[in-house]
Amino acid sequence: MNLFGYKLSVDFRKASKQETSAIPAYMGNYPGFLLSNSKPMLLSTVYRCVDLISGSIAALPLETYLLDEEGFKSKYKSHPAYYILNSEPNENMTRYTFMKTLMASVLLQGNGYAYIERNSKLEVTQLIFIPAQLVSIVWIMDSSGIKRKRYQVSGFKDLVEPKDMIHVLNFSYDGIIGVSTLTHARQTLGIATASEEHAVNFLHSRASASGVLKVDGTRLSKEQKDDIYATWDRRMSQNPDGSNIVILEQNMTYQPISISPKDSQLLESRQFNVVDICRFFSVSPVKAFDLSKSSYSTVEATQLDYLTDTLLSVITKIEQEINRKVFLPSEQDRVVAEFSTSAILRTDKAAQAAYLKDMFYIGAITPNEVRRENNLSRLDNGDQAFVQVNVQTLDTAVAMPAAAPAQDPNMAGDRN
């Protein structure tokens with residue numbers, strides 16, 4: 001079939017059993033295959049960081065704006081890319097699903113790819129997410145002897161030019177290929193995984209070491225010891241919770257070996273793993289629900305730090321990649337796509353009210369624009385901007401003549 005505008009040798013979405021041999025083994029049954037990095041996602045901190053960053057980006061509206069000659073912006077809803085970027089990038093995904101999937105690929109795989117499908121007018125018609133495992137970068141020599149980058153996609157008959165492929169990189173050493181965060185955090189993830197597995201194994205053993213069975217005054221043979229081991233294990237395994245009563249014979253005594261919960265659950269090690277993993281993802285431990293060293297003021301300040309230290313760089317790289325590839329060269333100086341970060345304030349009504357009030361007082365927004373942000377209907381005569389009139393410059397205040405004091409009518413009557 002003709003998919004994405006190219007004739008594919010294999011359609012990995014509808015491949016028959018005979019064709020699946022051409023699909024990479026890691027794909028499984030697309031799109032339900034498990035990522036090769038699925039094991040780290042079993043760690044709660046990794047899952048939380050990936051889900052937090054990808055979900056935050058996905059929740060932001062991606063608006064298309066038209067710039068006038070003075071740089072002022074207005075929403076460009078008639079542009080063909082407006083609906084695609086802000087609502088439905090492709091027939092299978094909403095904007096939220098598309099952006100969340102793209103960012104998860106960036107964080108876990110190091111690279112996020114989306115093929116730009118165009119019509120005969122070169123206008124974008126769809127943005128198709130492509131798993132990073134299906135894409136590789138190749139270099140070709142052009143007629144001038146210069147090496148040019150191309151994308152080789154499994155299933156595509158032809159190479160894809162950079163202008164037709166959105167490529168969002170994670171941390172990169174060469175600016176061509178992104179490196180997964182998990183690659184840099186491999187040692188920490190290994191320690192964290194080992195800690196979790198140790199805790200699970202310890203809990204499976206009923207969270208207690210066995211103990212010592214003492215027999216006073218008697219030397220037991222190997223057969224007697226084996227018989228006691230078998231009897232004890234059989235009795236203790238009858239009830240999974242370990243609440244069994246065992247009758248000891250003659251001069252036998254049982255002394256359990258106790259291990260504190262602090263030692264058995266590796267609390268310090270596992271808590272350190274949370275902080276260390278958060279560092280790799282540039283996420284505060286508070287955002288990963290580690291409140292051990294936090295206060296109300298810490299939680300409040302963390303939101304601002306998260307926006308500036310974590311989301312800003314991600315938002316910038318996605319915006320720049322979209323603006324230079326989705327829009328035609330002839331319109332790139334007057335059409336731009338930007339995330340609307342004001343959506344983050346939707347759940348914080350106090351911050352949203354303070355922001356809108358400040359914008360209103362300086363004449364930046366009108367009453368109807370405030371009402372629109374709060375899903376309220378339009379007011380008559382609400383489209384004009386207002387400014388406060390009780391503030392003036394010092395020069396104006398000095399230049400104004402002193403006003404004559406108001407005369408009291410009663411005093412005037414007395415003089416008459």
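Rules of the game
- Residues numbered from 1 in each chain as written.
- Predicted model: local features only at pLDDT ≥ 70, side-chain atom pairs only at ≥ 80, totals over all residues.
- Heavy atoms only, no water.
- Helix = DSSP H or I, 4+ residues; strand = E, 2+ residues; numbered from the N terminus.
- Buried < 20%, exposed > 50% of the residue type's maximum accessible area, 1.4 Å probe, protein only.
- Contact = heavy atoms within 4.5 Å.
- Areas by Shrake-Rupley, 256 points an atom, 1.4 Å probe, with all protein chains shown as cover.
- Pairing = 2+ DSSP bridges.
- Salt bridge = Lys/Arg side-chain N within 4 Å of Asp/Glu carboxyl O.
- Axes fitted to C-alpha atoms, helices over the stretch in contact; angles between N-to-C directions.
- Parallel < 35°, antiparallel > 145°, perpendicular 65-115°, else oblique.
- Left-handed = near helix turned anticlockwise from the far one by under 90°.
- Nonpolar A, V, L, I, M, F, W, Y, C, P; charged D, E, K, R; others polar.
- Expected span 1.5 Å × (residues − 1).

Draft legend 1. Up close: the overall build of the protein. Helices and strands together make up the secondary structure of the protein, namely 14 helices and 14 strands. Classification of the 416 residues of the protein by burial places 34% in the buried group. The long-range share in the protein, meaning contacts at least 24 apart out of those at least 6 apart in sequence, stands at 59%. Total accessible area computed for the protein in this model is approximately 26,600 Å², and 54% of it derives from carbon and sulfur atoms.

Draft legend 2. A look at the pairing of strand S9 (residues 165-169). Counting buried positions along S9 yields 5 of 5 residues, so the element is predominantly enclosed. One ladder, built from 5 bridges, connects strand S5 (residues 111-118) with S9; its direction is antiparallel. Looking at the pairing, Tyr-113 lines up with His-167 of S9.

Draft legend 3. Structural detail: the environment of Val-286. Residue placement: Val-286 occurs in the loop between helix H9 (267-280) and helix H10 (296-325). Since its relative accessible area comes to 13%, Val-286 is described here as buried.

Draft legend 4. Representation of the pattern of salt bridges. According to the stated counting rule, one finds 11 salt bridges in the structure shown. One salt bridge connects Asp-164 with Arg-118, and the closest N-O pair in it is separated by 3.0 Å. On the criterion of sequence distance, the pair formed by Asp-164 in the loop between strand S8 (147-153) and S9 and Arg-118 in strand S5 is long-range, its members being 46 residues apart. In this structure Asp-164 comes out as buried when scored by relative accessible area, which is 9%. Counted as one network, the salt bridges with shared partners bring together Arg-118, Lys-163 and Asp-164.

Draft legend 5. A look at the packing of helix H2 (residues 44-59) against helix H4 (residues 95-109). Contact geometry for H2 and H4: axes closest at 8 Å, N-to-C directions at 140°. By the angle class used here, H2 and H4 are oblique. Here H2 and H4 pass one another in a crossing that is right-handed. Together, Val-50, Asp-51, Ile-53, Ser-54, Gly-55, Ile-57, Ala-58 and Ala-59 of H2 and Arg-95, Tyr-96, Met-99, Lys-100, Met-103, Ala-104, Leu-107 and Leu-108 of H4 make up the contact between the two elements. A breakdown of the residues in the contact of H2 with H4 according to their chemical character gives 11 nonpolar, 2 polar and 3 charged.

Draft legend 6. Geometry of H4. Helix length check: H4, at 15 residues, gives a terminal C-alpha distance of 20 Å against a target of 21 Å (1.5 Å per residue), a fit within 8%. Counting buried positions along H4 gives 12 out of 15 residues, so the element sits mostly inside the fold. What H4 keeps buried is the set Arg-95, Phe-98, Met-99, Lys-100, Leu-102, Met-103, Ala-104, Ser-105, Val-106, Leu-107, Leu-108 and Gln-109. After H4 finishes, the residue Gly-110 shows a positive phi value of roughly 95°.

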